[in-house]
Structures are given as structure tokens and as C-alpha cells.
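Geometric and topological summary
The residues making up each chain are set out below.
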Amino acid sequence: MNIKLFTNESSLKITMKIAKLSTVLLLLVCKVTFATDYYVHPNGDDNAVGTNKNSALKTLQSLSSLSLEPGDNIYLAAGETFYGSLKLAGASGSEESPITISSYGDGGSKAIIDAKNMLAAIELVNPKYINVSNIEITADGGTKQKYRAKNAMRLGVLVDINDAIGNTYGYLNFDNIFIHHIFSENPGVDRGDDVATANGTQAYGYGVRLYNSNNHDNTVLTDVSFKNSEIHHIGHTAFKTTSNTNRKPEERRWGNIYNVELIDNYFHDIGGPGIQFGGINGGYVAHNRVHRTGSQIDERMWARGSGMWPWGARDLLIEHNEFTDASGPADSAGFHIDFNCTNVIVQYNLSRNNAGGFIEILGNNENNTYRYNISINDGYRQKGIDGAQDGKVIWLSGFVGKDRPKVAPKNNYIYNNTIFVKSEQTIHFGIHNETQGVVIANNIFAIEGQAEIAPGSEYIADSSGTDSYKDLIITNNLFIHDQIWPDEMFVTDSNPIYEAVTFANKGGNSIADYQITSDHTILASGIDITRLPNDSYGLTGGMQLEKDILGNTIGNHAHIGAVFYETEEVQPAEPQLEPEPEPEQEPEAEEESEPVSEAQPVAESKPEPVESSNGGSMSLFGFAFLILLLAFKRQKMSKDDR
């Protein structure tokens, strides 16, 4: 009897566990079954259900009132233009079931959002797990709008984190987005001397902006990806992030934006910088083409900007990009490291014809590197012409903000770069005389023109005779003649190599043009790059790379220049860079700037949305039904035992 009672209790417990499992499965079935597709078409009706193509919604504004769930999809009709703004506040998908915003329809075209008069074409407030793809965006002037009722601007995409509690947001993917002609002002605006201000004080347009500022100290925006997209004709910056950082060098604090990646994008004809990372912790920028930043082909553009610059950022890897034709009276390098940055690795990039220069490391920067890059005719800007600063091939500055005492950079590494400058061009060098550690080694300085020291007392020896710098290791660089390193510099190369080298195509525009084609065995005599004496950190991933800029295996062979030189004659590889597209209006350029060719369209990868189906859900439902049936039979057998 006792045994039977024990058996019946066990059966009841098993039945209860099976019932709980069945409930969980049924909840999962319901969740999968009720993910919803919403369609929007200009000929639709905002009073319609919107859940199929034949009963589509009409306007973007109708989407703001939807209570979106994980797995829901928003589809805009391809080839159609939608006026206004697509704004979602608090929309949250999940890792397994993100919310999707994309185009639907045949023909391979994108839906177009025209956000003239609006703050942003797509505005995501406190979002989580959202994928946006195959959308075209424009916002060409109109009524001024202000972000958070403060700063007037207009944006293609705005990600706005506004949270005083301390939550985590993000996990956003943008793919195949086409953003163009984003201007806050209408044509006819007079910018005056706004180009002389640090970041512009007037209203401008931006392609993409990520904001996580003035929030709780623990509020985080993380994991944002922007790929396979094109941005052009932007008033200011193409892609910009903003997060609170502490500007005081002695109390450095990083921002709260993490893990941002930009891959395979094309940014061109931008009024300001191409990419600006402020307050970033962890970023990967690779295989992007950034051409003609600081453009002034439209009067509404700022007309100044580097291809990319980080500020108050750390742990960035910048590789296999093109930064070309930046212009403007200040900054406007290919890639420059603004102040308060650490562990920014710049490698395998092409920098060409940038007015401001090639290497620019401002104050309070430490443990950054430029290595295995090729620079062609960078730094041509001349001081005093239209209020411009000098362009510089190498510039280590102490600048940490206007009217602040300078703080020289510390423990930075510049090695195995190839630098070519044509004979018509005068370039400048500047190394702050309080620099606390730098390595400049194994570089090729093929500078045919005149070289001078940058103006400023901080770039010459301290007149008091008290040297404030330390750990300056400048050695084993190759110079094509002995007049390149300025005599006025307070430090010189301790072991210079003077030798004329023969490039595959001197003056060419591609990386492959700067392979060495004649027998220069001296190039195989590079030195190993090691950490500076007072550097306890070094570089993330170490000092030595396995491959050169062309992908040739280096092995353990220290060498000179960005391309690994073997003792036998090197055959030039085919240039790997795509032809440069032609702007709508010819930008101002120096004489002998290279011709441009027709733009190549960004490849489409638009998936055709699939109508909701219960195929997968029915399978789960069937399984759950079998579990319930088994539980019922088990319970019946238990009753029979009694």
C-alpha cells in the first residue's frame, strides 16, 4: 500500500513538471506565432491593419504608435518616397528576434525617406536589437529643428540614448543604407568664418549620430554596426558619436559608447570630417573609403575636416581604409588622433593628398601607433594662405583644448610607414619638446620637396637647456636624401639610412605603386620594435605584425617601409583600390590632383520579406500537444492504479 502511494505521488509530480514544461512551450509557440509584419505604402491607409501588403499603412508617423515586439518587421515600399520621420521610442527586439526595418518590393530599389523639415529621417530613442537595411535617406534643408531643444541640426539617422537610470541599449545593425544631401540650412546661407571655430557653431547636417550624453554614469550604448553603406553631400560629419568624457587630462574618464564598427562603407564629399569617434570604448573601422572631407562644393558645408579623428576614445583598430583629399584650414589630415586617446592602432591604410597631413597626434595621447601605412602627397597646406595652418607629415602636439596648458603625448609608436611627397610640395615636421616617449623607426621618407620644422617654440630645443623630453627613439629610417629631417629639430635620427629607392610607379595613387622594384637590400635591415623603457603596456596585440600592407608574410624579418622587401626583385602587384568616383561638382584641388572616374554603385543585398507563416510554429505546437497528451495518459494510468 505504501509503495502504491509513493508511486501515485511520483506520477503526480511528473505530471505537474510535464504540465509546466508544456506551458513554457506553448508560450514560446505563441511568441513565434504572433511576430508581426507591418507594411507601409504611400497609397495605404493609416486606419488599416497594416499587416499585409493589401492593407498597408500610409505614413511613417503611423509607426510611432505601434507596440513592437521582438521579431516584428517594418517594411517600406521600395522605390516609393515617404515624407517625414520614422521615430521609434523604446523599441526593443531580442538577440534571437531583432526588430527589422527594411524595404519590400521588386526591382532592387530602396524605399526613400525624405526628412526635409524634420530633425531626423530615422530616430531611434533608447533602442535595443534593431536591424535597419536597404533604405535611402535625404533631408535637404527646411524648417530648423533642435536636438533636445538645444542645438539646431538635421540628421539622416539619430540614435538617442536618454536614460537617467543606468540601463544598457544598442545591438543595432545598419546595412546598405544610402544617405545623401543632409543639410540643416536652406541654400543661400553665409557661413562667414565659422570654419575657424573648433567644431562649427552654426546649424549643420549629419549623416549618422550616436548620442549617449548627459545620462546616468552607468547608461551604456553598445554594439552598433554600420556596413555596406554610402554617405555623401553632408553639411558636417558623415558618422559621429558623442558621449560624456572628462576633458581634464589629470582626471581622464571615458564615454559610455562601446563596440562600434564601420566596415565596407563609402563616405565622400562631406563638409566636415568623414568619421568622428567621441567617447568610444572599442571600435573597428575597416575597408572604408573616405574621400573629399572638408568639402565646400555646397555653401552649406563646414569646409573643414579630417577623414577620421577620435577624441576621448580608446581601443580602436583602424585598418585597410582609404583617407584621401581632405581639405580645410585646420585639421583635415587623413586620420588624426585628437587629444585624450589611448590604444588607437592605425595600420594598413592609404592616406593621400590630405591638406593637413599624415600623422597628427595631439596632447595627452598615449600608446597609439601608425604602422604599415602609405602616405602620398599629404600635408601640402601652407600657413597663412586663407588663414590656414601648416600641413605636417608628422606632428606630435601638446594641444588639449583652447586656453589649457599643453600636455605632450606619451609612449606612441610610428614605424614601417612609406611616405612619398612630390618635389613641388613643402612639408613640415613637429615634435613637442616635452614628449614622453616616442618610437619613429623603419619608415621610408621619400620626400622630394622641401622639408621644414613646424613653427612654434615647442618644436625646438628648450632655451633653458633643461630637456623635458625623454625616451625619444628615432632611428633606422630611410631618407632618399640628407636634407629631409630639418636641422632645427631638437632630436634627429640616430642611425639614418640615405638611399634613393625606386618605386613601381612613383606618383601613383595606389598602395601597389609604392613597392620597391630595384635591388635595395638595405631595406631588409629593419630593427625590431620593442616597448619603450617606461611603457608598461605597449600595444594591444603586440608590436610585431605577421603581414605587410599588401598581405605579404613578414615572418621574423624586420624590414623598412610598409611593403616587405625580399632580396630578389619584387614584381608589382595589381593595384587593389577601386577607381575614385567623380563628384557632382568639381571640388577645389591642387594642381596635378588625380582624375576621378565614375562612381561604382553600392551592392544591393536587399532580402525580400516573407509573409508570416506558421510552419515552424505548427511544429512546436504539435510537439507541445504530444507532451500534453502524454501527461494526460500518465495521469489516467495513475487513476487506474488506484
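Residues numbered from 1 in each chain as written. Predicted model: local features only at pLDDT ≥ 70, side-chain atom pairs only at ≥ 80, totals over all residues. Heavy atoms only, no water.

Notes on the overall build of the protein chain
Here is the rule we go by: Secondary structure elements follow DSSP: runs of H or I no shorter than four residues count as helices, runs of E no shorter than two count as strands, and numbering proceeds from the N terminus. Burial classes follow relative accessibility: with a 1.4 Å probe on protein chains only, a residue under 20% of its type's maximum area counts as buried, one over 50% as exposed, and anything between as partly exposed. Residue contacts follow a heavy-atom distance rule, with two residues in contact if any of their heavy atoms lie within 4.5 Å. Accessible surface is estimated by sampling points in the Shrake-Rupley manner with a 1.4 Å probe; for residues, cover comes only from the protein chains shown.
Looking only at helices and strands, the protein chain features two helices and 39 strands. Counting the 642 residues in the protein chain, one finds 57% classified as buried. Taking the contacts inside the protein chain whose residues are at least 6 apart along the sequence as the reference set, 76% of them involve residues at least 24 apart. Surface accessibility of the protein chain: about 27400 Å² in total, with carbon and sulfur atoms responsible for 50%.

Considering the pairing of strand β11 (residues 168-183)
Under the convention used in this document: We call two strands paired when DSSP finds no fewer than two bridges between them.
Examined bridge by bridge, strand β8 (residues 128-140) and β11 share eleven bridges and lie parallel to one another. The residue bridging Asp-140 from the neighbouring strand is Phe-183, located in β11. Alignment of β11 against strand β13 (residues 220-227), held across seven bridges, turns out to be parallel. Paired with Tyr-169 across the two strands is Leu-221, which belongs to β13. Judged from the four bridges that link them, β11 and strand β14 (residues 230-234) form a sheet pairing that is parallel. When the bridges of β14 are listed, Phe-178 appears paired with Glu-230.

Brief notes about the environment of Ile-522
Secondary-structure assignment places Ile-522 in the loop between β39 (497-498) and α2 (615-641). In this structure, Ile-522 is in contact with Leu-478, Ile-497, Glu-499 and Ile-560, ignoring residues within four places of it in sequence.

Side note on the confidence of the model for the protein chain
Here is the rule: Per residue, pLDDT measures the predictor's confidence, with a range of 0 to 100.
Taken residue by residue, the protein chain gives an average pLDDT of 85. The fraction at 70 or more is 81%. Confidence drops under a pLDDT of 50 for residues 1-7, and excluding neighbours within four residues, the segment shows one contact in the predicted structure. Confidence drops under pLDDT 50 across residues 569-642; counting only partners more than four residues distant or on other chains, this segment forms 127 contacts.

Structural notes on unusual backbone geometry
If you check the backbone angles, Asn-228 has positive phi at about 50 degrees while not being a glycine. Relative to the helices and strands, Asn-228 resides in the loop between β13 and β14. One non-glycine residue, Asp-315, adopts positive backbone phi at about 60 degrees.

Brief notes about the side chain of Asn-215
Formally: Think of a polar contact as two N or O atoms within 3.5 Å of one another; within protein, one of them needs to be a possible hydrogen donor and the other a possible acceptor, and neighboring residues in sequence only count if both atoms come from side chains.
Looking at the element boundaries, Asn-215 is found in the loop between β12 (204-212) and β13. Assessed through its relative accessible area of 17%, Asn-215 is described here as buried. Here the side chain of Asn-215 touches Ile-161 through a polar contact of 2.7 Å, landing on its backbone oxygen. The residues contacting Asn-215, other than those within four sequence positions of it, are Arg-148, Ile-161, Asn-162, Asp-163 and Asn-244.

Some thoughts on the pattern of salt bridges
Inclusion rule: A carboxyl oxygen of Asp or Glu within 4 Å of a side-chain nitrogen of Lys or Arg is what we treat as a salt bridge.
Overall, the coordinates contain nine salt bridges when judged by the stated rule. Ionic pairing is found between Lys-144 and Glu-185, a salt bridge with its closest N-O pair at 3.4 Å. You can see Lys-144 sitting in the loop between β8 and β9 (146-147) and its partner Glu-185 sitting in the loop between β11 and β12, a full 41 residues away along the chain. Classification of Glu-185 by relative accessible area gives buried; the value is 12%. One salt-bridge network, held together by shared partners, links Asp-140, Asp-298 and Arg-300.

Regarding the packing of aromatic side chains
So the rule is basically this: Between 30 and 60 degrees the pair is tilted, below 30 it is stacked and above 60 it is edge-to-face, where a pair is any two Phe, Tyr or Trp rings, Trp via its six-membered ring, whose centres lie within 6.5 Å. Only when the NZ of Lys or the CZ of Arg is both within 6 Å of the ring centre and within 35 degrees of the ring normal is a charge said to sit over the ring.
Counted according to the given criterion, the structure contains 24 aromatic pairs. Taking the centre distance of 6.1 Å and the plane angle of 45 degrees together, the rings of Phe-174 and Phe-226 count as tilted. Here Phe-226 lies in strand β13 and Phe-174 lies in strand β11, a separation of 52 residues in the sequence. A single burial state applies to Phe-174 and to Phe-226, both of which are buried. Grouping aromatic residues by their ring pairs yields a cluster made of Phe-174, Phe-226, Phe-239, Phe-267 and Phe-277. Positioned above the aromatic ring of Tyr-169 is the side chain of Lys-128, whose terminal nitrogen or guanidinium carbon lies 5.5 Å from the ring centre. A cation over a ring is seen here: Arg-289 above Tyr-266, with NZ or CZ 4.0 Å from the ring centre.

What to know about the pairing of strand β34 (residues 436-441)
In terms of residue burial, β34 counts as a mostly covered element, since five of its six residues are buried. Across five bridges, the pairing between strand β31 (residues 410-415) and β34 is parallel. Counterpart to Lys-410 in the pairing with β34 is Gln-436. In the sheet, β34 pairs with strand β37 (residues 470-475) via five bridges, with the strands oriented parallel. Looking at β37, one finds that Val-439 is bridged to Ile-473.

Describing the environment of Asp-331
Note that Asp-331 resides in the loop between β23 (322-324) and β24 (333-337). Sequence separation between Asp-331 and Glu-360 is 29 residues, and the spatial gap between their C-alpha atoms is 8.6 Å. Other than its neighbours up to four places away in sequence, Asp-331 contacts Arg-304, Ser-306, His-336, Gly-356, Glu-360, Arg-381 and Gln-389. In this structure the side chain of Asp-331 is engaged in a polar contact, spanning 3.0 Å, whose partner is the side chain of Arg-304.

Re the side chain of Thr-426
Topologically, Thr-426 is positioned in the loop between β32 (418-421) and β33 (427-431). Among the residues examined, Thr-426 registers a relative accessible area of 19% and is labelled buried. Apart from the residues lying within four places of it in its own chain, the contact partners of Thr-426 are Gly-379, Gln-382, Gln-450 and Glu-452.

Some remarks on the environment of Asp-487
Along the chain, Asp-487 falls in the loop between β38 (478-479) and β39. In this structure the C-alpha to C-alpha distance between Asp-487 and Glu-452, which are 35 residues apart in sequence, comes to 8.5 Å.

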